Amino acid sequence: MTNRCSAEARGPAPRPERTVVTFTPTDEQRELQRLVRRFCEEKSPITEVRRLMESDSGFDTGVWDQMGKELGLQSLHIPEAYGGMGFTVVELGLVLEELGRALLCVPFLSSVVLAANAILAAGDEEQRRSLLPGIAAGEVRGALAFAESTDTWAPEAVATEAVADSDRYRLSGAKTMVVDGHTAHTLVVSARVPAGTGREGVSLFIVDCDDAPGMTRDAMPTLDQTRKLATVTFDRTPARLLGSEGSGWPALERTLQLAAVALASEQVGGAARCLDMSVEYAKVRQQFGRPIGSFQAIKHRCADMLLDVESARSASYYAMSAAAENVELPLAAALARAHCSEVFSRAASACVQIHGGIGFTWEHDAHLYLKRARGSEALLGGIGHHQDLVAAGIGL
């Protein structure tokens with residue numbers, strides 16, 4: 001009895017303390033968003049999006065150059081020591097939210113998020129100083145080639161081989177779903193040294209696309225034509241080791257976690273635009289002599305979209321802050337990515353339905369956001385993959 005009462009008095013065992021990350025955008029960060037939104041409205045009206053999605057490259061080099069020279073967006077989160085502005089993932093995420101809102105057709109995710117972060121995570125000091133300034137200036141476009149024809153995301157699934165050849169390596173294998181891989185100047189490629197050499201493990205390599213014999217790059221047919229993907233094959237293609245042998249997987253994991261945060265931010269922007277389009281249409285579309293926004297079904301649908309978008313933005317903000325402070329990044333990134341993927345898809349579907357018959361036509365813009373939502377949902381690992389990461393992160 002005494003022991004039971006003592007236990008009741010003590011109460012339940014305390015849970016381990018967790019670091020709480022909070023974030024509210026500053027006035028300067030809001031001004032950055034407004035600046036990027038104005039730029040997107042001027043340079044990426046939907047007519048321009050439609051033109052570029054039909055082109056082979058998928059982007060306008062003039063707009064890309066302006067982003068670098070006038071706004072410095074490519075250099076935003078790259079440290080000053082490597083030619084960047086030295087801001088954090090937070091500012092990068094706020095910019096991506098605006099790019100996603102406008103469906104801006106530029107290789108920003110591939111070069112600034114994927115390639116640059118892979119070099120930062122894996123490269124040594126000399127490699128960072130030689131590779132990153134070009135990306136920061138927008139003069140060099142990079143891409144990350146890591147996915148292969150398998151649904152398994154694990155080190156043992158990397159089948160591309162790297163064979164040492166004098167002072168360099170030669171790659172053989174194939175990569176798929178390489179974002180902007182057909183137009184990149186530099187590829188960061190994951191590969192493994194064959195077993196029995198004593199240097200087994202996943203490593204990252206640099207391939208200079210302008211001088212890469214044995215490499216073939218083919219654009220892939222995609223549902224989302226606003227984001228170009230490619231298949232890249234290597235046949236004894238010369239490459240340089242990035243960092244040290246066998247240390248590529250941790251760097252790749254961190255790169256993909258940061259990319260998940262970035263893509264979640266972009267999805268929030270797309271979902272927010274779907275909400276705005278739906279509300280604007282509900283105000284002006286007349287049915288039975290009154291705006292359809294006055295009907296309860298439409299009101300509820302728009303209210304649900306608003307709740308979805310704000311919850312996704314909260315998840316995105318938390319993930320950005322976790323990345324900037326390096327606190328709970330794997331869990332926060334996976335949570336934001338899974339939730340924002342679902343929200344964007346729901347918002348895009350609701351946008352089509354609220355617009356009625358016109359929303360299902362090629363002429364209306366709603367289908368572009370629905371296709372972007374579905375394409376982004378499968379990019380860098382689907383919803384199920386990130387939900388599994390969340391479950392593992394919380395011990396389920």
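From a predicted model like this one, the values you see are computed outputs, not experimental measurements.

**Comments concerning the pattern of salt bridges**
Thought 1: Taken as a whole and judged by the stated rule, the model has 20 salt bridges.
Thought 2: Among the salt bridges present, the one from R170 reaches D165, with a minimum N-O distance of 2.7 Å.
Thought 3: Look at R170 and you get buried, because its relative accessible area is 16%.
Thought 4: One salt-bridge network, in which partners are shared between bridges, spans D224, R227, E266 and R372.

**Digging into the domain arrangement of the protein**
Interfaces are frequently sized by the accessible area removed from exposure as the parts join.
Thought 1: Per the domain assignment, the segments making up the protein are domain 1 (27–140), domain 2 (143–246) and domain 3 (250–394).
Thought 2: One C-alpha centre belongs to domain 2, the other to domain 3, and the line joining them spans 31 Å.
Thought 3: Together, the buried faces of domain 2 and domain 3 total about 1200 Å²; carbon and sulfur atoms form 73% of this surface.
Thought 4: Inspection of the region where domain 2 meets domain 3 yields two salt bridges.
Thought 5: A salt bridge links R372 to D224; its shortest N-O distance comes to 2.9 Å.
Thought 6: The interface formed by domain 2 and domain 3 includes four residue pairs in polar contact (both at pLDDT 80 or more).

**Quick word on the UniProt feature "domain: Acyl-CoA dehydrogenase/oxidase N-terminal" (unreviewed entry) in the protein**
Thought 1: As annotated in UniProt, the feature "domain: Acyl-CoA dehydrogenase/oxidase N-terminal" (unreviewed entry) corresponds to residues 26–139 in the numbering used here.
Thought 2: Secondary structure content for residues 26–139 is 68% helix and 0% strand, while the C-alpha to C-alpha distance between its ends is 30 Å.

**Description of the packing of helix α5 (residues 89–102) against helix α6 (residues 108–122)**
A packed helix pair is summarised by two numbers, namely the angle formed by the two axes and the spacing between the axes.
Thought 1: Contact geometry of α5 with α6 gives a least axis separation of 12 Å together with a crossing angle of 165°. The angle between the axes of α5 and α6 places the two elements in the roughly antiparallel class. With respect to the hand of their crossing, α5 and α6 are arranged in left-handed fashion. Only F108, V112 and V113 of α6 make contact with α5, whose side of the interface consists of L92, V95, L96 and L99.
Thought 2: A per-class count over the contact of α5 with α6 returns seven nonpolar, no polar and no charged.

**Brief notes about the packing of helix α9 (residues 296–325) against helix α10 (residues 329–354)**
Thought 1: Here α9 crosses α10 at 155°, and the two axes come no closer than 8 Å. By the angle between their axes, α9 is roughly antiparallel relative to α10. Relative to α10, the crossing made by α9 is left-handed.
Thought 2: Tallied by class, residues from the contact of α9 with α10 come to 20 nonpolar, four polar and three charged.

**What to know about the pairing of strand β3 (residues 168–179)**
Thought 1: As paired strands, strand β2 (residues 161–165) and β3 are joined by five bridges and run antiparallel to one another. Paired with A162 across the strands is L171, a residue of β3.
Thought 2: If you look at the hairpin formed by β2 and β3, you'll find two residues sitting between the two strands, and S166 has a positive phi there, around 60°.
Thought 3: Of the strand pairs in this sheet, β3 and strand β7 (residues 229–242) are connected by nine bridges, and their pairing is antiparallel.

**Quick look at the environment of I383**
Thought 1: Take I383: it is sitting in helix α12 (residues 383–393).
Thought 2: In this structure, the C-alpha to C-alpha distance between I383 and R337, residues 46 residues apart in sequence, is 7.5 Å.
Thought 3: Ignoring any residue separated from it by four or fewer positions in sequence, one finds I383 in contact with A338, S341, E342 and E377.

**Observations regarding the environment of Q287**
Thought 1: Position of Q287 among the secondary structure elements: in strand β8 (residues 286–287).
Thought 2: For the pair formed by Q287 and T150, sequence separation is 137 residues and the distance between their alpha carbons is 50 Å.

**A closer look at the pairing of β7**
Two faces belong to every sheet, and in a regular strand the side chains alternate between them.
Thought 1: Looking at chain direction, strand β5 (residues 202–208) and β7 are connected through three bridges and run antiparallel. Residue pairing in the sheet places L204 in a bridge with L242 of β7.
Thought 2: Where strand β6 (residues 215–219) meets β7, five bridges bridge the pair, whose relative direction is antiparallel. When the sheet's bridge partners are listed, A219 is paired in β7 with A230.

**With respect to the environment of G201**
Thought 1: By secondary structure assignment, the location of G201 is in the loop between β4 (186–192) and β5.
Thought 2: Note on G201: relative accessible area 17%, which makes it buried.
Thought 3: With residues near it in sequence (within four places) discarded, G201 still touches A191, R192, V193 and G246.

Calculation rules
Residues numbered from 1 in each chain as written. Predicted model: local features only at pLDDT ≥ 70, side-chain atom pairs only at ≥ 80, totals over all residues. Heavy atoms only, no water. Salt bridge = Lys/Arg side-chain N within 4 Å of Asp/Glu carboxyl O. Buried < 20%, exposed > 50% of the residue type's maximum accessible area, 1.4 Å probe, protein only. Domains from an automatic or database assignment. Buried area = accessible area lost by both parts, 1.4 Å probe. Polar contact = N/O pair within 3.5 Å; in protein donor to acceptor, adjacent residues only side chain to side chain. UniProt positions renumbered as here; feature names shortened; annotations may be inferred. Helix = DSSP H or I, 4+ residues; strand = E, 2+ residues; numbered from the N terminus. Axes fitted to C-alpha atoms, helices over the stretch in contact; angles between N-to-C directions. Parallel < 35°, antiparallel > 145°, perpendicular 65-115°, else oblique. Left-handed = near helix turned anticlockwise from the far one by under 90°. Contact = heavy atoms within 4.5 Å. Nonpolar A, V, L, I, M, F, W, Y, C, P; charged D, E, K, R; others polar. Pairing = 2+ DSSP bridges.

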